[in-house]
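Examination of the molecular architecture
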Amino acid sequence: MSYWNQAYECMSREEMRKVQSERLIKTVKLVYENVPTYRKKMQEKGMLPGDIKSVDDLKNLPFTYKQDLRDTYPYGLFAVPMSEIVRVHASSGTTGKKTVVGYTKNDLDVWSEVIARTFTAAGAVKDSFLQISYGYGLFTGGLGAHYGGEKLGATVIPTSSGNTKLQLSIMQDFGTTHLACTPSYALYLAEEMEELGIKRSDLKLQAGIFGAEPWSESMRQEIQDRLKIKAFDIYGLSEVIGPGVACECEYQGGMHIPEDHFIPEIIDPDTGEVLPEGSEGEIVFTTITKEGLPLIRYRTRDLSSLNYDKCECGRTEVRMNKVAGRTDDMLIIRGVNVFPSQVESVLLSIGETAPHYMLVVDRKDNLDTLEIQVEITPSLFSDEVKRLEDVEKKISKEINSTLGIGAKIKLVEPKTIQRSEGKAKRVIDKRVI
Ligand SMILES: [Zn+2]
């Protein structure tokens, strides 16, 4: 078994609490003294930094929201002078202004450290060849993974995203052993490989580290089968640090969180109450080593749960379960909560279509309608009409029972649903509410 930093990854729970308490006390003091937003929020609750004596007091601190970052755009939540900030990244806001995050030199070291743990957990070593196909630039994915790979001592191949044919030829010629990209892009690469006639034996690929968008267990299976690699799930968000907030180990039973840097909590998204161990709810993070943009109880809007059972890998760090959806991009259709990932699971379990789909939501005569466009495989496309009808019926029946609402299934020709080189777009909501 190999670890990047065994002292912390396998620390006893008791010792970890001690480390967390010390670091939390320091962080709260830092933000109270340097960030007006935090000072104001704490004063409104009648709190002083001295009220935080251990991690037990974390639940009393106010939450931080994405809106706080927008309200103080671009640098208002930074806790150090700009002269200490050595890099900024920004997330692509679909509406309004971008969310800007900043790192001190020490923050970049922390980031590389957690990424080095991530890659190690996925089996990468100094001799590995890491192809980073996350976008390089303002997005945290590319550069975050890049420096963590270098810290590990692996050979980093910074292809960035896009130019799929070139990605594949580099993968062959440079001997890539580990691939980091979004899961939907991994599937797209598999598809292109088949199309170009690249044989699996032409590649040295062993594992993939996939994240930046939610994906289902069946999609993992599909990637593993088609690329013949082990597919690891990672979790991250730029506000907390970027990629590296949580990662799977070889047992793939949830993603370990480096708790000496980030403390997770699961809360009820409506009441804000901390939920009992094992419950599903919104995952909230507090950073306890970051200097540039420390975050106290940051509301991620991602739904997950935490597992404190000891993992077979020997790590004692808590594991977060696969994100089950988001509290905000969850669709409410005819009063029912619908997550695109549920549709994906159904399609992949039936397995007769390509894993490309689009949910089109509309409202006709005050009634919500859901159409699910599903791409069929070339072999099914050339099959009889009767067979297509059967597949359509089967999907319709399964979707109905999984979602609890009826949906119109529309089978579309191969390659008609737009491919993405970053996060896949799965929903078109035409409703005017
Ligand atoms: Zn483990």
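Everything quoted here is computed from the prediction, not taken from an experiment. (Residues numbered from 1 in each chain as written. Predicted model: local features only at pLDDT ≥ 70, side-chain atom pairs only at ≥ 80, totals over all residues. Heavy atoms only, no water.)

1. Quick word on a nonpolar patch on the surface
A cluster of nonpolar side chains, namely Tyr75, Met82 and Val88, defines an oily patch on the protein surface of about 240 Å² accessible area. Within the fold, Val88 resides in strand E1 (residues 85-91). (Patch = residues over 30% accessible without salt bridge, like charges linked within 9 Å, V, L, I, M, F, W, Y side chains within 5 Å. Areas by Shrake-Rupley, 256 points an atom, 1.4 Å probe, with all protein chains shown as cover. Salt bridge = Lys/Arg side-chain N within 4 Å of Asp/Glu carboxyl O. Helix = DSSP H or I, 4+ residues; strand = E, 2+ residues; numbered from the N terminus.)

2. A few points about the side chain of Ser112
Relative to the helices and strands, Ser112 is located in helix H5 (residues 105-121). For Ser112, the contacting residues outside a window of four places in its chain are Tyr147, Gly148 and Lys151. (Contact = heavy atoms within 4.5 Å.)

3. Concerning the layout of surface pockets
What the second largest pocket holds in volume is close to 480 Å³. Every residue lining the second largest pocket is counted, 20 residues in all, and those nearest its centre are Arg17, Ile263, Pro264, Glu265 and Tyr308. Among the elements of the structure, helix H2 (13-34) and strand E10 (262-267) are those that each provide at least two residues to the lining of the second largest pocket. With four residues, E10 is the single largest residue contributor to the lining of the second largest pocket. Grouping the amino acids of the lining of the second largest pocket by side-chain chemistry returns 10 nonpolar, three polar and seven charged. (1 Å grid on protein atoms, 1.4 Å probe; cavity = no way out; pocket = protein on both sides within 12 Å on 5 of 7 lines; lining within 4 Å. Points joined across faces, edges and corners; volume = space filled by probe spheres on them. Nonpolar A, V, L, I, M, F, W, Y, C, P; charged D, E, K, R; others polar.)

4. Considering helix H8 (residues 183-196)
Between its first and last C-alpha, H8 extends 20 Å over 14 residues, near the 20 Å set by a 1.5 Å rise per residue. Extensive coverage of H8 is indicated by the burial of 11 of its 14 residues. Regarding H8, the residues found buried are Pro183, Ser184, Tyr185, Ala186, Leu187, Tyr188, Leu189, Ala190, Glu191, Glu192 and Met193. In this structure, the buried side of H8 is in contact with helix H7 (164-173), strand E5 (178-181), strand E6 (207-210), helix H9 (217-227) and strand E18 (353-364). (Expected span 1.5 Å × (residues − 1). Buried < 20%, exposed > 50% of the residue type's maximum accessible area, 1.4 Å probe, protein only.)

5. Here we look at the coordination of the zinc ion
The protein atoms that coordinate the zinc ion are Cys249 (SG), His256 (NE2), Cys311 (SG) and Cys313 (SG), at distances spanning 2.1 to 2.3 Å. If you look at the zinc ion, its four donor atoms make angles of 104 to 115° with each other, and the shape they trace is tetrahedral. Here the donor residues of the zinc ion share one chain and are spaced in sequence as C-x6-H-x54-C-x1-C. (Donors = N, O, S within 2.8 Å, 3.2 Å for Na, K, Ca; no water. Tetrahedral: all angles 85-135°; square planar, octahedral: opposite > 155°, others 65-115°.)

6. With respect to the nonpolar core
Of all hydrophobic cores here, the largest spans 67 residues; its most connected members are Phe119, Tyr235, Phe285 and Met320. Per-element accounting of this core gives the leading share, eight residues, to H5. Membership of the second largest hydrophobic core comes to 25 residues, among which are Leu331, Val391, Ile395 and Ala407. (Core = buried A, V, L, I, M, F, W, Y, C linked by side-chain atoms within 4.5 Å.)

7. Topic: the sheet that holds strand E12 (residues 298-304)
With antiparallel pairing, four strands are arranged side by side in an open sheet as E10-E11-E12-E15. Looking at the sheet topology across the chains shown, the edges are occupied by E10 and strand E15 (325-326). Here E12 runs beside E15; their pairing, made up of two bridges, is antiparallel. By the bridge assignment, Asp302 is partnered in E15 with Arg326. (Pairing = 2+ DSSP bridges.)

8. Considering the sheet that holds E18
Across the sheet, which stays open at both edges, the four strands sit in the order E20-E19-E18-E21 with mixed pairing between neighbours. The sheet is open, and its two edges are formed by strand E20 (408-412) and strand E21 (427-429), each paired on a single side. Between one strand axis and the next, the sheet turns by 20° as a mean value, whatever way the strands run. (Axes fitted to C-alpha atoms, helices over the stretch in contact; angles between N-to-C directions.)

9. Description of the environment of Gln20
Topologically, Gln20 is positioned in helix H2. Remark: the alpha-carbon pair of Gln20 and Gln67, spanning 47 residues in sequence, is separated by 27 Å. When residues no more than four places from it in sequence are discounted, the contact partners of Gln20 are Val55, Glu259, Ile263 and Ile288.

10. Notes on the pairing of strand E7 (residues 230-237)
Buried residues dominate E7, accounting for six of its eight residues. Note that E6 and E7 share four bridges and pair parallel. Looking at E7, one finds that Ala207 is bridged to Lys230. What joins E6 to E7 is H9, and the crossover it makes is right-handed. The pairing of E7 with strand E8 (residues 242-248) spans four bridges and is antiparallel. The partner of Ile234 across the bridge, within E8, is Cys247. Joining the antiparallel neighbours E7 and E8 is a turn of four residues. (Right-handed = clockwise from strand over helix to strand, strands pointing away.)

11. Some remarks on the domain arrangement of the chain
For the chain, the assigned domains read domain 1 (6-328) and domain 2 (332-429). The distance between the C-alpha centroids of domain 1 and domain 2 comes to 30 Å. Contacts between the two partners involve 24 residues from domain 1 and, on the opposite side, 15 residues from domain 2. Of all residues in domain 1, the largest losses of buried area upon contact with domain 2 belong to Tyr188, Glu191 and Ser218, amounting jointly to 24% of the total for that side. Summed over the shared surface of domain 1 and domain 2, the number is three salt bridges. Between Lys415 and Glu195 there is a salt bridge, and its shortest N-O distance comes to 3.3 Å. Across the contact surface, domain 1 and domain 2 share four residue pairs in polar contact (both at pLDDT 80 or more). The element contributing the most residues to the side of domain 1 that touches domain 2 is H8, with seven residues. For the side of domain 1 that touches domain 2, a count of residues per class yields eight nonpolar, nine polar and seven charged. (Domains from an automatic or database assignment. Buried area = accessible area lost by both parts, 1.4 Å probe. Polar contact = N/O pair within 3.5 Å; in protein donor to acceptor, adjacent residues only side chain to side chain.)

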